[in-house]
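These are the residues of each chain, in order.
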Amino acid sequence: MHLSNYHSHCSFCDGRSMPEEFVKFALAKSFRAYGISSHGPLPFETFWNMSAFDMPEYLVEISRLKDKYQGHLEIYTGMEIDYLDTTYNPSIPYFLNLPLDYRIGSVHFLPIATELCEANMVCIDGPFSEFKQAVDTYFEGDIRNMVKRYYESSIRMVELGGIDIVGHLDKIYMNGQRCKDFSFTAPWYRNMVNEYLEVIAGKGLIVEINTKNLLKKQQTFPRQEYLSRMRELQIPVMVNSDCHTPDLVNDGRQEAFDMLKQAGYKSTCELIAGSWQSIPF
């Protein structure tokens, strides 16, 4: 089992500990590589995204950890960057010019107006009560409209580029599955997921198997049922815990590798000396 993790959040965003605490835990578990990927800044302040004012300190701190633990653990500077619209996403110069080792692209927000401010955002990752209210208020009470918008945004993010890894690609289902008319087996849903996977494959991007909810809710992003299709499309994968506390650095890893084996995967992607490589397992 490969001991590396590239999706984690520390106190620079909504994580619960300083970056070094995650590094120490990874060392204690004999990890080979570890990446910090705080939520990147948005054009407005939130409680869970890094502030742009903290970016210099973030970069300096990860660089310090790289030097301190050199020879013991490969440490990488990453970032999880939100796609909002064509004007603010991982492909804009601000993010492309940052000295990052890798970038994760994710969709957490769906703008409902052209002005990019918190009041004009629907968060797909919050409490279900707020999610359902947004469906009723902005998507005509039809979860299919929100899901369509989510996958349209996700596809556009991939098309614009600026990322190495696609983060929790189908997380819309976490809340969406609790809404009336949502169906994993309906053609309207399966077709959207398959279109997204085909676009990802065409761009040669890595998809993470996100285990954040695996042990506590028996959920992975993407769902296990899509792994065989991803293998057919030759989409490279990695296993990430998306942890926010150090004790969850390795959460769900073995179970995710078992799923990948069942789907026919024989390797995952890892950074080795700064270069992406396919490592057999």
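Computed from a prediction, not measured in an experiment: that's the story for all the values here. (Residues numbered from 1 in each chain as written. Predicted model: local features only at pLDDT ≥ 70, side-chain atom pairs only at ≥ 80, totals over all residues. Heavy atoms only, no water.)

## A word on the sheet that holds strand S3 (residues 74-82)
Judged by pairing direction, the sheet is parallel, and its seven strands sit side by side in the order S1-S2-S3-S4-S7-S8-S9 without closing on themselves. Two strands in the sheet have a free side with no partner beyond their single neighbour: strand S1 (4-5) and strand S9 (237-240). As judged from the two bridges shared by S1 and strand S2 (residues 33-39), these two strands associate in the parallel manner. If you follow Asn5 over to S2, its bridge partner there is Tyr34. Contacting S2 and S3, helix H2 (residues 55-68) crosses the sheet at an angle of about 155° to S3. (Pairing = 2+ DSSP bridges. Helix = DSSP H or I, 4+ residues; strand = E, 2+ residues; numbered from the N terminus. Contact = heavy atoms within 4.5 Å. Axes fitted to C-alpha atoms, helices over the stretch in contact; angles between N-to-C directions.)

## Re the nonpolar core
Within the largest apolar cluster, 51 residues are counted, with the highest numbers of intra-cluster contacts made by Met146 and Tyr189. No other element matches the eight residues that helix H5 (residues 143-160) contributes to this core. (Core = buried A, V, L, I, M, F, W, Y, C linked by side-chain atoms within 4.5 Å. Buried < 20%, exposed > 50% of the residue type's maximum accessible area, 1.4 Å probe, protein only.)

## Considerations on the pattern of salt bridges
Overall, the coordinates contain 16 salt bridges when judged by the stated rule. Between Asp125 and Lys171 there is a salt bridge, with its nearest N and O atoms 3.2 Å apart. Of this pair, Asp125 sits in the loop between strand S6 (121-123) and helix H4 (128-138) while Lys171 sits in the loop between strand S7 (165-166) and helix H6 (173-176), and the two are 46 residues apart along the sequence. According to the relative accessible area criterion, Asp125 is partly exposed, its value standing at 23%. Across the pair Glu225 and Arg223 runs a salt bridge, and its minimum N-O distance is 2.5 Å. Given the relative accessible area of 37%, Glu225 is considered partly exposed. Each of Glu20, Glu61, Arg64 and Lys68 takes part in one network of salt bridges that share partners. (Salt bridge = Lys/Arg side-chain N within 4 Å of Asp/Glu carboxyl O.)

## Some words on the environment of Cys179
Topologically, Cys179 is positioned in the loop between H6 and helix H7 (187-203). It is 29 Å that separates the C-alpha atoms of Cys179 and Ser8, two residues lying 171 residues apart in sequence. Discounting chain neighbours no more than four positions away, the residues touching Cys179 are Phe128, Phe131, Lys132 and Ile143.

## Some remarks on the UniProt feature "domain: PHP" (unreviewed entry) in the protein chain
Those places that UniProt annotates as "domain: PHP" (unreviewed entry) correspond, in this numbering, to residues 6-211. Helix makes up 38% of residues 6-211 and strand 17%, with an end-to-end C-alpha separation of 12 Å. (UniProt positions renumbered as here; feature names shortened; annotations may be inferred.)

## Some points on H2
Side chains of residues three or four places apart in an α-helix project in the same direction, reflecting 3.6 residues per turn. Between its first and last C-alpha, H2 extends 20 Å over 14 residues, near the 20 Å set by a 1.5 Å rise per residue. All of the buried residues along H2 are Met55, Tyr58, Leu59, Glu61, Ile62 and Leu65. Each buried residue of H2 sits inside an arc of 165° when the element is viewed along its axis, so together they form one side. Away from the buried face of H2 by more than 90 degrees, exposed residues Pro56, Val60 and Asp67 are located. Here the buried face of H2 lies against helix H1 (19-28), S2, S3 and helix H3 (93-96). (Expected span 1.5 Å × (residues − 1). Arc of directions from axis to C-beta.)

## Topic: the side chain of Ser37
As for its position among the elements, Ser37 is in strand S2. Relative accessible area serves as the criterion here: at 0%, Ser37 is assigned to the buried category. Polar contacts involving the side chain of Ser37 include one to the main-chain carbonyl oxygen of Tyr6, which spans 3.5 Å. Each residue touching Ser37, except ones within four places of it in the same chain, is listed here: Tyr6, His7, Ser8, His9, Tyr58, Gly78, Met79, Glu80, Tyr102 and Ile104. (Polar contact = N/O pair within 3.5 Å; in protein donor to acceptor, adjacent residues only side chain to side chain.)

## Overview of the packing of aromatic side chains
Overall, the coordinates contain 22 aromatic pairs when judged by the stated rule. Here Tyr173 and Phe184 contribute two aromatic rings whose centre-to-centre distance is 5.3 Å and whose plane-to-plane angle is 75°, an arrangement assigned as edge-to-face. Of this pair, Tyr173 sits in helix H6 while Phe184 sits in the loop between H6 and H7; the two residues are eleven residues apart in sequence, bridging distant segments of the chain. The exposure class assigned to Tyr173 is buried, which follows from its relative accessible area of 1%. Taken together, Tyr150, Tyr151, Tyr173, Phe182, Phe184, Trp188, Tyr189, Tyr196 and Phe221 form an aromatic cluster joined through their ring pairs. Positioned above the aromatic ring of Phe128 is the side chain of Arg178, whose terminal nitrogen or guanidinium carbon lies 4.1 Å from the ring centre. (Phe/Tyr/Trp six-rings, centres within 6.5 Å; stacked < 30°, edge-to-face > 60°. Lys NZ or Arg CZ within 6 Å of the ring centre and 35° of its normal.)

## As for the packing of H1 against H2
Two elements in contact, H1 and H2, have axes whose closest approach is 10 Å; the angle formed by their N-to-C orientations is 30°. By the angle between their axes, H1 is roughly parallel relative to H2. Considering only the axes of H1 and H2, their crossing is right-handed. In this structure, H1 uses Pro19, Glu20 and Val23 to contact H2, whose residues at the interface are Glu61, Ile62, Arg64, Leu65 and Lys68. (Parallel < 35°, antiparallel > 145°, perpendicular 65-115°, else oblique. Left-handed = near helix turned anticlockwise from the far one by under 90°.)

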